[in-house]
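Working through the structure, step by step
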Amino acid sequence: MKKRWYLLLSLLSGIYLSACGPKVKVEERILNDNWAIASTKDTKADAKTISTQLINPEKWVKTTIPTTVLGALVEAGVYKDPFMGKNLENIPRAPFENSWWFRNTFQINDLDTNEEQLTLLIDGVNYRANFWLNGTQVATQDTLFGAFRQFALDITKATKSGENVLLVEVFPPQVRNFYMGFVDWAPTPPDHYMGIYREIRLKRSGKVSMNASFVAPDLDPKDLSKATLTVSTELTNHSDVSKTVEVTGHIEEIVFKKTVTLQPRQRKEIKFTPADTKELTIKKPRLWWPNGLGKPELYTLQLEVKENSTLLDKQSTRFGIRKIETYLNAKDVRGYKVNGREVLIKSAGWVDDLFLRYMPEKDAAQIRYVKEMNLNSLRLEGIWGNNHHLYDLCDENGILLMVGWSCQWEWPDYLGMELKIKPGDENLPINEGVDLYAVKLTSDEETLLANYLRDQVKWLRNHPSIFTWAGGSDAMPKPSLEKRYLQILQQYDPTRPFLISSGEFTSTLTGKSGMKMNGPYEYVPPVYWFEDKKLGGAFGFNSETGPGPQIPPVESIKKMMPEADLWPPDNKVWNYHSGRKDFNTLGVFLKALNNKYGASQNLDELALKAQVMNYEAIRPMFEAFVINRPVATGVVQWMLNSPWPEFYWQLYDYYLMPTGAYYGTKKASQPVNIIYNYFAHTLHLSNDTRNALSNYKAEVKIYNKDSKLIFEKTENVNLGENSTKEWLKVPALEGTHEVYFLDVKLKNASNELIADNFYWLATHQDKLDWSKYFWFYTPQKQYADFTPLNNLPKVSLKAEKSIKESGNDEYEISLKLTNTSDKLAFFVEAELAKGANGSAVLPVFWSDNYISLAPNETKILTVKCFKKNLDGASPSIRLKGYNLLKPMTL
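Every value quoted in this text rests on a predicted model; they were computed, and no experiment measured them.

Okay, the overall build of the protein chain next. Helix and strand counts for the protein chain come out as 14 helices and 49 strands. The globule rule puts the C-alpha radius of gyration for 890 residues at 29 Å, and the 30 Å found for the protein chain is close to it. The principal-axis extents of the C-alpha atoms in the protein chain amount to approximately 105 × 70 × 60 Å. Expressed as a percentage of its 890 residues, the buried residues of the protein chain come to 61%. If you take every contact in the protein chain between residues at least 6 apart in sequence, the share linking residues at least 24 apart comes to 73%. When the accessible surface of the protein chain is summed, it comes to about 35,200 Å², and 49% of that surface belongs to carbon and sulfur atoms. Positive and negative side-chain charges in the protein chain, numbering 107 and 105 respectively, have mean positions lying 4 Å apart.

This is the structure:
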């Protein structure tokens, strides 16, 4: 009886102690709303005063973060339409030469500073900052500086229950400061990206907190039936007494735990390895695969730290199980493998918004574009992103990321210094030029950049999409800095390889980069990619290249050009919306366009012809790399997108309007494809999947400009996984200035269309002038003559559409086009619009576009869009084409 009473009293005592135990609220809050900014010049008061009340309230502008100062002012309407014409150039620089206040208020309820810890996590400020909380300074610009540093501030003592005022004084970057930039891709805004461009987070925990949780996966590429995980996290004891806590992890049905004792103020890394935690050997793992090779499967790790039964902190970490490997082939070309499978990197260069504004819906649409173009990778020259959102999207869609530093820091003029190039050196290849003229780092600058890499790696390393960290772009870090980079990666991320540079360099520590960066960056004709064997052609890993400008459709041009400057295109405003330096004009592109397709008489004609040449120029670049693998291991189109409205380097424009290059890329990058080699005049088959193709049927038809069928052939073909083969030599085309059409299709054993391609070929062909060299392109000595296209017989199409809902928030429209004539319909553009006379619906997701239809051929296209982007109108489709009798609307 006494024993029973003793047990009952013990139980009641435990319940009482638990109820009266410490109350800890565990949360992490993003402080993105309720901000206001003002120039320190316009607010003549100190931080303590401004922490109490707004001084000169009419000078403060409401905003959200992440943002730059100029981005916030543009959003508030202080500077209107900065992307129209040369408005950006007319914004004065003086207001941004001094520091700016960022002020925020937030609530904290029931704070117990004896049991709780409050930490302010700062993910990115450009460039220096002072921080005050409730009038108490918690960080100074002497230590809180560096655009890619991240900071954790202990604000426990400065915080109070109720309303708290956070005040940040942000200072602009100065000459030789290392921050983000858009180099020669876009103009530099007058604020030089000053602001809080990443999140500020408020972390509330117990006196033991958890940070930097990491899951490091590993597997044997020869046996994908199992994988192992190593889980680590950092624990910090913020108190003056020792703490014994229990760390518990959950990964779906898997549970593991460990008891840890921390001394006062101790920080300690805790690891769970497969050797000591058998649960971390995963049988039949769901693997993360890149786009086109399988599903990008993801897992979630939940970690908790408790003292007795009190939760002190928790973290949720998403990760993927996959293995990244790199190799150099016999020609010292770098390649990559995922889960043991060689992967041709089909990539493009990503950039953020010019004002570094957080645009999550736009980012999501862009990554959907990337996936739908059949690309499997992006290159981030500069560690872009306002937060994890961009990386999360790439994880979810199987988009591999090459993440690394920008040439912004490698050339002195981008750091605000003078670049003095000796006469005769202007045309040096990039890797030779940087040896002579690149920035030479001081020891303090090396330390800063090493800390940059450490902070970014710890922040991003759980994302399976990241397949390499690049230490340089146009240059490579010197050995002392590379050694520090390697030590950082060995300590914080041994799961993916380090790339010394995106350019062609040899390190004394890690050997050859295995990359090339020889351009081109300017327009070159399709044959270039197949013919060239020395520069940017389809061999090796070309880390940035492309056929130069991509002029968007008319609607986008009118959004950025004042009416007075719309025509003719060769003017100062068009050039302002081109690139910088060697790329500040469309001269090379327009010369080729006029010579190949004939001079345009108006903007509409120019825009349509530009889409034809955009398509014709980009498709063979990707296709040449596809059929030349494994000699070719990767290609990065320069670029994917634009930070502002422009005419250069974009598969779709700033407004999310796809260009002809978008659809050319989508066609070229099909996992299974049939491809024309412009140099050898051969047809090739490609299978870039993980399954063999059996009993497929390849078809080819050739039409002359009068739509007469002059050649056809059909043949059954087989093709192994991850392989290519030459199928057919295309017959010689007769005539001196004739145009022919090459129509190819690949069907499976069930006669279902798997891939198709349509080429227009001139007997008067493009010829490159190999006797001349420019570092950014190879000029032409002869242009293909496509002017006969201007005299194609006019045709009419029969068009039908049907609309259905696709999920709760999208429409899917089917468009059936039938060419009822005996003449070919060439390059038909379909545009989804907000009603018959409304603007284009953007973003827009077409299954195909800019299509051609043979005589009596029918094609069915689908297009998806978000319902809300129709602004209440009914979806209409507008059609126009190179030889349509008249535009159509349905």
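From this point, things continue past the structure.
Considering the arrangement of structural elements, one finds Glu199 in the loop between strand E11 (195-196) and strand E12 (200-206). One buried charged residue, Glu199, forms no salt bridge at all, with the nearest opposite charge on Arg201 at 4.6 Å. Of note is the side chain of Glu199, whose polar atom sits 3.0 Å from the side chain of Asn387. When near neighbours in sequence (up to four residues on either side) are disregarded, Glu199 contacts Ile30, Pro66, Leu121, Ile122, Asp123, Gly124, Asn386 and Asn387.

This part is about the sheet that holds strand E20 (residues 310-319). Two orientations exist for strands paired in a sheet by backbone hydrogen bonds: parallel and antiparallel. One open sheet holds the four strands; their spatial order is E16-E15-E19-E20, and the pairing between them is antiparallel. If you trace the sheet from one side to the other, it starts and ends with strand E16 (254-262) and E20, each paired once. When strand polarity is set aside, the average angle formed by the axes of neighbouring strands in this sheet is 15°. Both strand E15 (residues 243-251) and E16 contribute to a ladder of nine bridges, which runs antiparallel.

The next thing to look at is the packing of aromatic side chains. Summed over the entire model, instances satisfying the criterion amount to 63 aromatic pairs. Arranged with centres 5.8 Å apart and planes meeting at 75°, the rings of Trp760 and Phe827 form a pair that is edge-to-face. In this pair, Trp760 is assigned in strand E39 (residues 753-762) and Phe827 in strand E44 (residues 825-834), connecting sequence segments 67 residues apart. Just above the ring of Phe845 sits the side chain of Arg368; from NZ or CZ to the centre is 3.7 Å. The aromatic ring of Tyr576 is capped on one face by Arg580, whose charged end is 5.2 Å from the ring centroid.

Turning to the sheet that holds strand E24 (residues 345-348), a few remarks are in order. Taken in spatial order, the three strands line up as E24-E32-E31 in an open sheet, and their pairing is parallel. Of all strands in the sheet, those with a lone pairing partner are E24 and strand E31 (540-545), marking the two edges. Neighbour-to-neighbour, the strand axes of this sheet turn through a mean angle of 10°, independent of strand direction. Pairing between E31 and strand E32 (residues 632-637): four bridges, direction parallel. Across the sheet, residue Thr545 finds its bridge partner in E32, namely Gln637. Where helix H13 (residues 603-627) meets the sheet, its contacts fall on E24, E31 and E32, and the angle it forms with E32 comes to roughly 160°.

Moving on: the nonpolar core. Most often, soluble globular proteins keep nonpolar side chains buried together rather than apart. By size, the foremost hydrophobic cluster in this structure holds 283 residues, and its most contacted members are Phe131, Leu378, Trp760 and Phe826. A per-element tally of this core places H13 first, with 16 residues. Judged by nonpolar contacts, the second largest core, of nine residues, contains Ala38, Ile50, Trp101 and Trp132.

Turning next to the pattern of salt bridges. Following the criterion strictly, the structure yields 49 salt bridges and no others. The partner of Arg149 in a salt bridge is Asp455, with the nearest N and O atoms 2.7 Å apart. Remark: Asp455 occurs in helix H7 (residues 443-460) and Arg149 occurs in the loop between strand E8 (136-139) and strand E9 (151-154); sequence separation between them is 306 residues. This pair shows no difference in class: Arg149 is buried, exactly as Asp455 is. The salt bridge involving Glu252 is made with Arg286; its shortest N-O contact spans 2.9 Å. Of this pair, Glu252 sits in the loop between E15 and E16 while Arg286 sits in the loop between strand E18 (281-283) and strand E19 (299-307), and the two are 34 residues apart along the sequence. When salt bridges with common partners are traced through the structure, they connect Arg341, Lys346, Asp688 and Glu721 into a single cluster.

It is worth spelling out the confidence of the model for the protein chain at this point. In the predicted model, the protein chain carries a mean pLDDT of 96, and 98% of its residues have values of at least 70. Confidence over residues 1-19 falls short of pLDDT 50; this stretch has one contact with residues more than four positions distant or in other chains.

Let us look at the packing of H13 against helix H14 (residues 660-668). Contact geometry for H13 and H14: axes closest at 7 Å, N-to-C directions at 30°. Taken together, H13 and H14 sit at an angle that is classed as roughly parallel. As for how H13 packs across H14, the hand of that crossing is right-handed. Contact with H13, carried on its side by Gln611, Asn614, Tyr615, Ile618, Arg619, Phe622, Glu623 and Val626, involves Gly660, Ala661, Tyr663, Gly664, Thr665, Lys667 and Ala668 of H14 and no other residues of that element. For the contact of H13 with H14, the residue count by class is seven nonpolar, five polar and three charged.

Conventions adopted
- Position numbers for residues start from 1 in each chain and track the written sequence from start to end.
- Per-residue local features of the predicted model are confined to residues with pLDDT of at least 70, and side-chain atom pairs are confined, for both listing and counting, to 80 or more; whole-chain, interface and lining totals are unaffected and use all residues.
- Only hydrogens and water are set aside; all other atoms, that is, all heavy atoms of the structure, feed into the side-chain values.
- Numbered from the N terminus, helices here are DSSP runs of H or I no shorter than four residues, and strands are runs of E no shorter than two.
- The globule rule is 2.2 Å times the number of residues to the power 0.38, and the radius of gyration it is compared with is taken over C-alpha atoms.
- A simple rule labels every residue: compare its accessible area, found with a 1.4 Å probe on the protein chains alone, to the largest value its type can have, and call it buried under 20%, exposed over 50%, or partly exposed in between.
- By definition in these notes, contact holds between two residues if any of their heavy atoms fall within 4.5 Å.
- Using a 1.4 Å probe, the Shrake-Rupley method yields the accessible areas, and only the shown protein chains count as cover for residues.
- His residues and chain termini do not enter the charge count, which takes Lys and Arg as positive and Asp and Glu as negative.
- By convention, charge coordinates are those of NZ in Lys, CZ in Arg, CG in Asp, or CD in Glu.
- A pair is scored as a salt bridge if a Lys or Arg side-chain nitrogen falls within 4 Å of a carboxyl oxygen belonging to Asp or Glu.
- As used in this structure description, the phrase polar contact means that two N or O atoms lie within 3.5 Å; if the pair is within protein, one of them must be able to donate a hydrogen and the other to accept it, and residues adjacent in sequence are counted only when both atoms belong to side chains.
- Any two strands with at least two DSSP-identified bridges between them are counted as paired.
- Axis definition: a line fit to C-alpha positions, over the contact stretch in the case of helices; interaxial angles, taken between N-to-C directions, run 0 to 180 degrees.
- In this analysis, rings of Phe, Tyr and Trp, with Trp reduced to its six-membered ring, are considered paired at centre separations within 6.5 Å, and the interplanar angle assigns stacked below 30 degrees, edge-to-face beyond 60, and tilted for intermediate values.
- Whether a charge sits over a ring depends on NZ of Lys or CZ of Arg being within 6 Å of the ring centre and within 35 degrees of the ring normal.
- By nonpolar core is meant a set of buried Ala, Val, Leu, Ile, Met, Phe, Trp, Tyr and Cys residues that side-chain atoms within 4.5 Å join together.
- What pLDDT conveys is the predictor's confidence in a given residue, as a value from 0 to 100.
- Every angle not falling under 35 degrees, over 145, or within 65 to 115 is termed oblique; those three ranges are roughly parallel, roughly antiparallel and roughly perpendicular.
- Two helices that cross are described as forming a left-handed crossing if the nearer one is turned anticlockwise from the farther one by less than a right angle, and a right-handed crossing if clockwise.
- Residue classes follow a fixed rule: Ala, Val, Leu, Ile, Met, Phe, Trp, Tyr, Cys and Pro count as nonpolar, while Asp, Glu, Lys and Arg count as charged, and any other residue, Gly among them, counts as polar.

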